[in-house]
Amino acid sequence: VPILAGSTQAGWLTCTKGADHLARLTASAIAVELARNGETGKGSRRTFWERLIGRAYHDTTAVRDDATARGIVVAPAYVTVAVEVETESEAAGTLAPADVRALALESFHGGDCDVGFLERGPALLIFVPAIREIDASNARTAATLLPKSAAKKEHVRVSGGIGGVEPLLSLYAGVDGAEAALAIGRRVFGPGRVVAYDELGAYPLLYEGADTTRLQEFARATLAPLRAYDEKHQTELARTLALYFTVGQNVKTAAERLCVHRHTVFYRLRQIGEIC
């Protein structure tokens, strides 16, 4: 007996001969529960992405098997984009409407793999296949252009965040990064922009309450190009920067301590900004 949830067949129920009436009743009951729990059609796809970012799978094979059963072709890695829609008549973001999903389908291309969607709170999560680095770069570019595309629709603004490239079993990390970038971007730059987590500098550290070890790692990574430049060109840019903050960002005092003209300090600070 087929299990039909609306026009979608979710499977078959097989019983011993002579139990046809019971089979039909049972199949109907199963279908009702499946439809109620969103396990067919679009609901089946939604459940897959929920399970994936909820770390319900223990290996990639299980992920691919479940995706195939639900009619989803998965990529080995994804870039996650989180977007929210805001209209001038609303003070806060609203659940992404169907036209934003359609806009995303026009903007993001997965090749032979599916682009995934999941509504979570007021945000729409978009999972863009990133098999190659060029795919990830194209996804970031398309995401930053979403506000401009959405602006063509009257009184609509789109804000968003872009996470890093993550393999299937670590997709939750991409979601965390995208949602954090969305929150930070709205607070720092205001609505109507899509920003990448990796390009927010120290803001994620402040937003997430980073510990001393993580702050030190960020400092080392940020200052590494400066120290390399000093070593190669026999300059004192790292020393100038440290002294500049030691004297309370007072250029005149820093110049006196370094025995140089204050214009030299200004020049070095510009160099530091370009190098870092």
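These numbers come from a predicted model, not from an experiment. Along each chain, numbering runs from 1 in the same order as the chain's sequence is written. Where local features are concerned, this predicted model is filtered to residues with pLDDT of at least 70; where side-chain atom pairs are given and counted, the filter is 80 or more; whole-chain, interface and lining totals use all residues. Derived side-chain values reflect all non-hydrogen atoms in the structure, with water molecules and hydrogen atoms excluded from consideration.

Student: I keep staring at the pairing of strand β5 (residues 123-129) and nothing clicks. Help me out?
Tutor: Working note: regular strand, side chains alternate between the two faces of the sheet. Burial status follows relative accessibility: with a 1.4 Å probe on protein chains alone, a residue under 20% of its type maximum counts as buried, one over 50% as exposed, and anything between as partly exposed. Helix and strand assignments come from DSSP, with helices taken as H or I runs of at least 4 residues and strands as E runs of at least 2, each series counted from the N terminus. Taken across its seven residues, β5 has seven buried, putting it largely inside the fold. Side chains Ala123, Leu125, Phe127 and Pro129 of β5 all project onto a buried face; the interleaved residues Leu124, Ile126 and Val128 project onto the opposite face, where all are buried too. Both strand β4 (residues 116-120) and β5 contribute to a ladder of five bridges, which runs antiparallel. Within β5, the position partnered with arginine 120 by the bridge is alanine 123. From the end of β4 to the start of β5, which pair antiparallel, there are two residues, and glycine 121 there has a positive phi angle of about 65°. Should DSSP find at least two bridges between two strands, the strands are taken to pair.

Student: I tried to follow a nonpolar patch on the surface on my own but got confused; where do I start?
Tutor: Like charges within 9 Å and nonpolar side chains (Val, Leu, Ile, Met, Phe, Trp, Tyr) within 5 Å are joined into patches, using only residues over 30% in relative accessible area that form no salt bridge. Per-residue accessibility takes into account occlusion by the displayed protein chains alone, with areas from the Shrake-Rupley method and a 1.4 Å probe. Within this document, salt bridges are pairs made up of a side-chain nitrogen of Lys or Arg and a carboxyl oxygen of Asp or Glu, the two lying within 4 Å of each other. A grouping of Val188, Phe189, Tyr203 and Leu206 is seen on the molecular surface, where their side chains present a nonpolar patch of about 390 Å² in accessible area. Elements supplying a minimum of two residues to the nonpolar patch: α7 (171-189) and α8 (203-208). Here phenylalanine 189 is to be found in helix α7.

Student: Is there a simple way to think about unusual backbone geometry in this case?
Tutor: Trans peptide bonds make up most of the peptide bonds, and negative phi angles are found at most residues other than glycine. For arginine 55, which is not glycine, the phi torsion reads 60° and is therefore positive. The residue arginine 55 is located in the loop between α2 (41-53) and α3 (60-69) in this model.

Student: Where do I start with the nonpolar core in this structure?
Tutor: Across soluble globular proteins, nonpolar side chains have a tendency to be buried as a group. In these notes, a set of buried Ala, Val, Leu, Ile, Met, Phe, Trp, Tyr and Cys residues joined through side-chain atoms within 4.5 Å is what counts as a nonpolar core. Core analysis: the largest hydrophobic core is formed by 25 residues, its most contacted members being Val79, Val81, Val83, Phe108 and Ile126. Among the elements of the structure, β3 (77-87), α4 (98-107), β5, α5 (133-144), α6 (146-151), β6 (156-167) and β7 (194-196) are those that each provide at least two residues to this core. A contact between two residues is defined here by any heavy atoms of the two lying within 4.5 Å. Dropping the residues within four chain positions of it, valine 83 is found in contact with Val100, Pro122, Ala123, Leu124, Ile126, Leu146, Val158, Ser159 and Gly160.

Student: Explain the pattern of salt bridges here, please?
Tutor: Summed over the entire model, instances satisfying the criterion amount to 10 salt bridges. Measuring nitrogen to oxygen at the nearest pair gives 4.0 Å for the salt bridge that ties glutamate 50 to arginine 46. Of the two residues, glutamate 50 and arginine 46 are both situated in helix α2; the distance of four residues between them amounts to about one turn of the helix. We note a salt bridge from glutamate 236 to arginine 239, for which the minimum N-O separation is 3.3 Å. Note on arginine 239: relative accessible area 43%, which makes it partly exposed. Several salt bridges converge on common partners, so that one network encompasses Arg51, Asp66 and Arg70.

Student: Could you clarify how one ought to interpret the packing of aromatic side chains in this entry?
Tutor: In this description, a pair of aromatic rings is defined by centroid distance and the angle of the planes. Two rings from Phe, Tyr or Trp (for Trp, the six-membered ring) form a pair when their centres are within 6.5 Å of each other. A pair whose planes differ by under 30 degrees is stacked, one over 60 is edge-to-face, and the rest are tilted. Across all of its chains, the model carries five aromatic pairs by this definition. Their ring planes at 45° and their centres at 6.0 Å tell us that phenylalanine 48 and tyrosine 57 sit as a pair that is tilted. When its relative accessible area of 9% is taken as the criterion, tyrosine 57 is described as buried. Taken together, the aromatic side chains of Phe48, Trp49, Tyr57, Tyr78 and Phe127 make up a single cluster linked through ring pairs.

Student: Please explain α7 as it appears in this structure.
Tutor: Each helix should span, by expectation, one fewer than its residue count multiplied by 1.5 Å. Between its terminal C-alpha atoms α7 stretches 26 Å, which fits the 27 Å expected from 19 residues at 1.5 Å a residue. Within the sequence span of α7, burial applies to Leu171, Gly174, Val175, Gly177, Ala178, Ala180, Ala181, Leu182, Ile184 and Gly185. After α7 finishes, the residue glycine 190 shows a positive phi value of roughly 85°.

Student: Any chance you could explain the packing of helix α9 (residues 212-233) against helix α10 (residues 237-246) here in plain terms?
Tutor: In a packed pair of helices, the relevant descriptors are the angle between the two axes and the axis-to-axis distance. Closest axis-to-axis distance for the α9/α10 pair is 8 Å, and the angle between their directions is 130°. It follows that α9 is oblique to α10 by the angle criterion. Together, Leu223, Leu226, Arg227, Tyr229 and Asp230 of α9 and Leu237, Ala238 and Leu241 of α10 make up the contact between the two elements. Residues are grouped as follows: nonpolar covers Ala, Val, Leu, Ile, Met, Phe, Trp, Tyr, Cys and Pro; charged covers Asp, Glu, Lys and Arg; every other residue, Gly included, is treated as polar. Taken together, the residues of the contact of α9 with α10 break down into six nonpolar, no polar and two charged. Every axis in this analysis is a line fitted to C-alpha atoms, fitted for helices over the stretch in contact. Angles between the N-to-C directions lie between 0 and 180 degrees. Geometric relationships in this document are graded by angle, where less than 35 degrees denotes roughly parallel, more than 145 denotes roughly antiparallel, 65 to 115 denotes roughly perpendicular, and other angles denote oblique.

Student: When you look at the environment of valine 165 in this model, what are you seeing that I'm missing?
Tutor: One can find valine 165 in strand β6. A C-alpha to C-alpha distance of 9.5 Å links valine 165 and valine 128, two positions 37 residues apart in sequence.

Student: Help me out: how do you make sense of the environment of valine 79 in this one?
Tutor: Structurally, valine 79 is set in strand β3. Beyond its immediate stretch of four places on either side in the chain, valine 79 contacts Ile126, Phe127, Val128, Ala130, Ala136, Ala139, Ile162, Gly163, Gly164 and Val165.

Student: Before we go on, may I ask you to explain the confidence of the model for the chain in this structure?
Tutor: In low-pLDDT segments, the atomic positions of the prediction should not be examined closely. Considering every residue of the chain, the mean pLDDT works out to 86; 86% of them sit at 70 or more. In predicted models, pLDDT denotes the confidence assigned by the predictor to each residue on a 0 to 100 scale. A low-confidence stretch, residues 90-96 (pLDDT under 50), is modelled with 16 contacts involving residues beyond four sequence positions or located in other chains.

Student: Just to check I follow, could you spell out the environment of serine 137 for this structure?
Tutor: Within the element layout of this structure, serine 137 appears in helix α5. With a relative accessible area of 31%, serine 137 lands in the partly exposed category. Through-space distance from the C-alpha of serine 137 to that of valine 79 is 9.4 Å; in sequence the pair is 58 residues apart.

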